[in-house]
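An overview of the molecular structure
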Amino acid sequence: MYIHRNQYLQRLIDRMHNGLIKVVTGIRRSGKSFLLLNIFRQYLRDSGIQDDHIIVMEFDRLQNRRYREPEVLMEYLTANIKDDGSYYILLDEVQMLRDFEEVLNSLLRETNLDVYATGSNSKFLSTDVLTEFRGRGDEVHIFPLSFGEFMEVYDGDDYHGWAEYMMYGGLPLAVAMKTDEQKSKYLINLVRETYLKDIVERNSIEKPQELEDLLNVLASSVGSLTNPAKIEATFKSRLHSSISDNTINKYIGYLKEAFIIDAANRYDVKGRKYIGSPLKYYFEDVGLRNARLDFRQIEEPHLMENILYNELRMRGYNVDVGSVRQRYIDKVSGSKLTKHLEIDFVANLGSKRYYIQSAYSLPDEEKVRQEQASLLAAKDAFKKIIIVKDVIKPFHSEYGILTIGLFDFLHNQDSLDW
């Protein structure tokens with residue numbers, strides 16, 4: 001199974017020879033090594049770069065164990081850099097290299113070297129990159145397969161593909177498996193035996209069951225506004241646990257650092273400021289979310305919202321939850337009241353901004369009015385969009401709101417600008 005992953009390849013191409021260390025991050029098993037060692041390496045070859053100017057080191061291979069010592073690696077690199085031409089250094093699982101920070105910073109000082117690295121999430125996180133390289137690292141974050149990438153290798157139509165993707169997500173190994181039994185066991189074990197154990201070991205967590213319970217709570221409330229205090233109340237009422245909101249907040253941070261979940265902040269559209277708590281939490285891969293709940297809670301509207309959130313992030317947008325205050329007069333008392341309307345996604349990329357509603361269906365005019373209300377309350381010139389599960393011909397309402405079908409959005413990178 002070969003998936004081209006063109007958007008990530010292009011991001012690496014755009015960063016070539018920029019004087020920074022290119023660091024590929026992402027959740028485990030998302031395809032970091034394949035992107036760097038197969039797709040990008042082949043691009044270099046196709047561009048005319050000779051193999052002797054592409055130096056690859058896979059530190060997780062047993063035969064390369066001696067190169068995990070900095071002095072041995074530097075001797076190897078020095079012996080293979082034989083002229084002043086450009087060399088491409090591709091280092092995989094670099095966290096296994098002792099003192100890798102010093103090595104990478106040393107390589108950065110060589111003007112004819114273009115350095116790329118991948119690393120395990122347990123020891124080589126996005127926050128580590130920012131801390132260790134202090135502006136000298138350029139991160140390329142890779143996600144599990146998008147729906148469009150998934151459909152490149154899926155043997156079926158969009159409807160059956162959507163059902164499969166919504167259930168098992170886009171981790172490449174899961175996609176390549178043939179049966180439901182294989183996929184479900186793989187994902188369940190991956191969460192328990194790899195992701196959670198990484199977090200427990202990295203952060204010396206003494207009560208791992210609390211971390212597992214928290215992940216279950218977040219999985220059950222995808223797309224719902226929540227905060228540590230609300231989660232603490234859930235722990236007390238349902239699990240009879242005395243875990244504190246500070247511990248919950250700390251654990252959420254660990255899950256975010258490992259790229260298992262991501263948080264969407266609330267943004268006051270009219271006030272042009274962030275509100276803070278509560279937030280919405282989404283899973284980096286919906287298959288992992290479903291696996292955590294033993295595939296028992298498959299609520300399509302919530303999973304559709306999660307997938308749309310991930311798709312926007314894959315395309316490079318910063319994504320927030322919009323909040324719009326609307327004043328109205330109570331028909332009974334005549335009092336002036338204020339209510340808060342929610343916009344599912346406020347997507348920003350440079351000077352572009354889109355307000356987006358995820359609507360599983362629009363069965364009647366009342367539902368249409370409901371979805372449009374928060375968009376219209378924003379009262380600015382940025383584009384407003386409703387994405388529906390139904391297959392429809394894209395159209396603009398009398399208010400200028402674009403309504404498009406889910407598959408049109410997922411398959412077309414330019415669909416927001418229709």
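The numbering scheme is per chain: residues are counted from 1 as the chain's sequence reads. In keeping with the model being predicted, local features are shown solely for residues with a pLDDT of at least 70 and side-chain atom pairs are shown and tallied solely at 80 or more, while totals for entire chains, interfaces and linings include all residues. The side-chain quantities take in all heavy atoms of the structure and omit both hydrogens and water.

Quick notes on the sheet that holds strand β4 (residues 113-118)
- When DSSP finds two or more bridges between a pair of strands, those strands are recorded as paired. Helical segments are the DSSP runs of H or I of at least four residues, strand segments are the runs of E of at least two, and each set is numbered from the N terminus. Strand order in the open sheet made by the 5 strands is β2-β3-β4-β1-β5, with parallel pairing throughout. Each edge of the open sheet carries a strand with a single partner, namely β2 (54-58) and β5 (137-141). Averaged over neighbouring strand pairs, the angle between their axes works out to 20 degrees when direction is ignored.
- Across 3 bridges, the pairing between strand β1 (residues 21-25) and β4 is parallel. Across the sheet, the residue bridging to K22 is Y116, located in β4.
- Any two residues whose heavy atoms approach within 4.5 Å at even a single point are treated as in contact. As a rule, the C-alpha atoms of each element are fitted with a line to give its axis, helices using only the stretch in contact, and angles between N-to-C directions run from 0 to 180 degrees. Sheet strands in contact with helix α3 (residues 70-80) are β2 and β3 (87-92), and its direction is about 160 degrees off that of β2.

Regarding the environment of Q50
- Along the chain, the position of Q50 falls in the loop between α2 (32-46) and β2.
- Residue burial is assigned from relative accessible area. The probe radius is 1.4 Å, only protein chains are included, and a residue is buried under 20% of its type maximum, exposed over 50%, and partly exposed in between. Given a relative accessible area of 53%, Q50 falls into the exposed group.
- For the pair Q50 and Y87, spaced 37 residues apart in sequence, the C-alpha to C-alpha distance is 9.4 Å.

What to know about the sheet that holds strand β11 (residues 352-359)
- Pairing is mixed in the open sheet, where 9 strands are placed in the order β6-β8-β7-β9-β10-β11-β12-β14-β13. The outermost strands of the open sheet, each flanked by one partner alone, are β6 (225-226) and β13 (395-396).
- Judged from the 11 bridges that link them, strand β9 (residues 318-329) and strand β10 (residues 336-349) form a sheet pairing that is antiparallel. Directly across from Q326, in β10, lies its bridge partner K339.
- Its contacts with the sheet place helix α10 (residues 208-220) against β7 (261-268) and β8 (273-283), and it is angled at close to 100 degrees to β8.

Looking at the environment of I54
- By the secondary structure assignment, I54 is in strand β2.
- Spatially, the C-alpha atoms of I54 and N80 are 9.6 Å apart, while their sequence positions differ by 26 residues.
- Contacts of I54, omitting those with residues within four sequence positions, involve R41, L44, R45, I49, Y88 and L90.

A few points about α10
- To estimate how far a helix should extend, the number of its residues minus one is multiplied by 1.5 Å. With 13 residues, α10 should reach 18 Å at 1.5 Å per residue; the first-to-last C-alpha distance of 19 Å fits that figure.
- Among all positions in α10, only E210, L211, D213, L214, L215, V217, L218 and A219 are buried.
- Of the surrounding elements, those touching the buried residues of α10 are α9 (180-203), α11 (228-239), α12 (245-257), β7, β8 and α13 (286-292).

Let's talk about unusual backbone geometry
- Following S277, the chain continues into P278 via a peptide bond in cis, with omega recorded as -5 degrees.
- In this structure, P278 sits in strand β8.
- Positive phi, normally seen in glycine, also occurs at K379, with a value near 50 degrees.
- Inspection of the secondary structure assignment puts K379 in the loop between α15 (365-377) and β12 (383-388).

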